[in-house]
Amino acid sequence: MSARENSIVADMSLAPAGHLKIDWASAHMPVLNRIRKQFEQEQPFKGLKVSICLHLEAKTAYLAKVVQAGGAEVTITGSNPLSTQDDVCAALVEDGITVFAKYNPDPEEFKSLIVRALESKPDLIIDDGSDFATILHGERPDLLVNIRGGAEETTTGITRLKALEKEGTLKLPMVAVNDAYCKYLFDNRYGTGQSAFDGIMRTTNLMIAGKNVVIVGYGWCGKGLAMRAKGLGANVIVTEVDAIKAVEAHMDGFTVLPMIEAAKIGEIFVTVTGNKDVIRGEHYDVIRDGAILCNAGHFDVEVNKPELAERSTGKRTVRHNIEEYQLKDGRKVYLLAEGRLVNLAAGDGHPAEIMDTTFALQALSLKYVNDNYQSMGAKVANVPYELDEQVARYKLESLGIGIDTLTEAQKKYQDSWS
Ligand SMILES: NC(=O)c1ccc[n+]([C@@H]2O[C@H](COP(=O)([O-])OP(=O)(O)OC[C@H]3O[C@@H](n4cnc5c(N)ncnc54)[C@H](O)[C@@H]3O)[C@@H](O)[C@H]2O)c1
């Protein structure tokens, strides 16, 4: 069956707009362009099927096309119901990629679309937040048959894969793309920092300067968010559970408070912990009237929505992607994008230049798994340092930036114990 006959997308007539978006993104992804040329010549995935589950927007679409250029038959699905862009999906179908994705399907359909992408019986997978891995290790182990291994995009997915590995139940070699330097140093920090505030600002059309902005979690993403909030003129407050990260936030010049105190004064809250219930009932009991809540962590469990609903007499949509909850004592709390990733569900995700290096790591990691899966075992593997360095070098070259190299005498000096 052709990609067009097999795919499930919202509307094929949107394809021209999708092509324009993909063209714009790819024009700003020089590292991936270089890898595409390499793949076209070397055909590393010739005759193989690759299934991809990622936020389905233009940059991801270009990664799918690069994998396709390497000889693969590609199937793709979305990793979040609100981040899928229907025009991009239609364009990919025209380009011969099978797509199972729509914007905002109900939870049952969303899951069924992910399963459909696995039913193509892929040889390799690219996963985000372990959506594929959860199905493969839960209800559909039969779909593991052909899979050699894959690559996982984000912190939350790697945590889940490591839990499976610890239990001894992981069935695949998976490369932890998130743990590469070229991922978390740039994507989590600079990407999330910029794109989350882009999502917040375009959704609310409100000022950041002068506001008390609470960043919940001071990990790689949290550091980027706090840095950007400060640059935009906010009074930045950080909440943490890790003493070392809390000291770091303090030394970086931010106010550190427990959430129960931050809740009383915060005006905009951004959760980014990978954990659940970081804003919950007890915090809603004291939260400042008019507080705006949003999440940049992978799942929509960081802001506890059931406990917010329990304390509310009603809710209404006051702007696209903004729900107003009316608390019983008259205070109002606003939730952006249903508590899903604000940069993707209410924005366009990371800038193309950021996804350029992240997806370059994805493409090279997928090739690495395919070349080495027989010796890797069912483990979570790091991205080899050479791949990480290769991506950084390609990036520097694309920017026209040169660096020094060690002289022989320097190498000898560094390697000598005396
Ligand atoms: N929005 C995006 O585009 C994007 C990009 C990359 C990663 N992510 C997601 O963002 C989340 C965070 O990723 P990261 O790389 O920063 O992880 P990280 O592990 O570096 O940081 C998470 C931080 O949250 C803290 N934390 C945990 N529970 C907390 C609580 N109850 N209150 C306050 N702090 C708490 C941890 O101590 C840690 O410092 C993950 O879910 C990841 O998948 C999102």
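Residues numbered from 1 in each chain as written. Predicted model: local features only at pLDDT ≥ 70, side-chain atom pairs only at ≥ 80, totals over all residues. Heavy atoms only, no water.

Looking at an unreviewed UniProt entry, one finds the protein named Adenosylhomocysteinase and attributed to Paenibacillus phyllosphaerae. Of the comments in the UniProt record for the protein, the one headed Catalytic activity (unreviewed entry) reads "S-adenosyl-L-homocysteine + H2O = L-homocysteine + adenosine". The UniProt entry for the protein carries the following text under Function (unreviewed entry): "May play a key role in the regulation of the intracellular concentration of adenosylhomocysteine." (UniProt positions renumbered as here; feature names shortened; annotations may be inferred.)

Q: Account for the site of the ligand, naming residues and giving values.
A: T154, T156, E240, A296 and N343 are the nearest of the 29 residues found near the ligand. One of the backbone nitrogen or oxygen atoms of C221 is found 2.9 Å away from an oxygen atom of the ligand. In this structure, N343 approaches the ligand through a side-chain N or O atom, which is 2.8 Å from an oxygen atom. Relative to its unbound accessible surface of 860 Å², the ligand loses 86% to contact with the protein. Counting only elements with at least two residues in the shell around the ligand, the list comes to α8 (155–167), α9 (181–204) and α10 (220–231). Across the shell around the ligand, the residue classes tally to nine nonpolar, 15 polar and five charged. (Near = heavy atom within 4 Å. Polar contact = N/O pair within 3.5 Å; in protein donor to acceptor, adjacent residues only side chain to side chain. Areas by Shrake-Rupley, 256 points an atom, 1.4 Å probe, with all protein chains shown as cover. Helix = DSSP H or I, 4+ residues; strand = E, 2+ residues; numbered from the N terminus. Nonpolar A, V, L, I, M, F, W, Y, C, P; charged D, E, K, R; others polar.)

Q: Account for the sheet that holds strand β10 (residues 268–271), naming residues and giving values.
A: With respect to topology, eight strands assemble into an open sheet ordered β9-β8-β7-β10-β11-β14-β13-β12, the strand pairing being mixed. Two strands close off the open sheet at either side, each with one partner strand: β9 (255–256) and β12 (312–319). Of the strand pairs in this sheet, strand β13 (residues 322–327) and strand β14 (residues 332–336) are connected by five bridges, and their pairing is antiparallel. Bridge assignment links E323 to a residue of β14, and that residue is L335. Sheet strands in contact with α10 are β7 (212–216), β8 (235–239) and β10, and its direction is about 170 degrees off that of β7. (Pairing = 2+ DSSP bridges. Contact = heavy atoms within 4.5 Å. Axes fitted to C-alpha atoms, helices over the stretch in contact; angles between N-to-C directions.)

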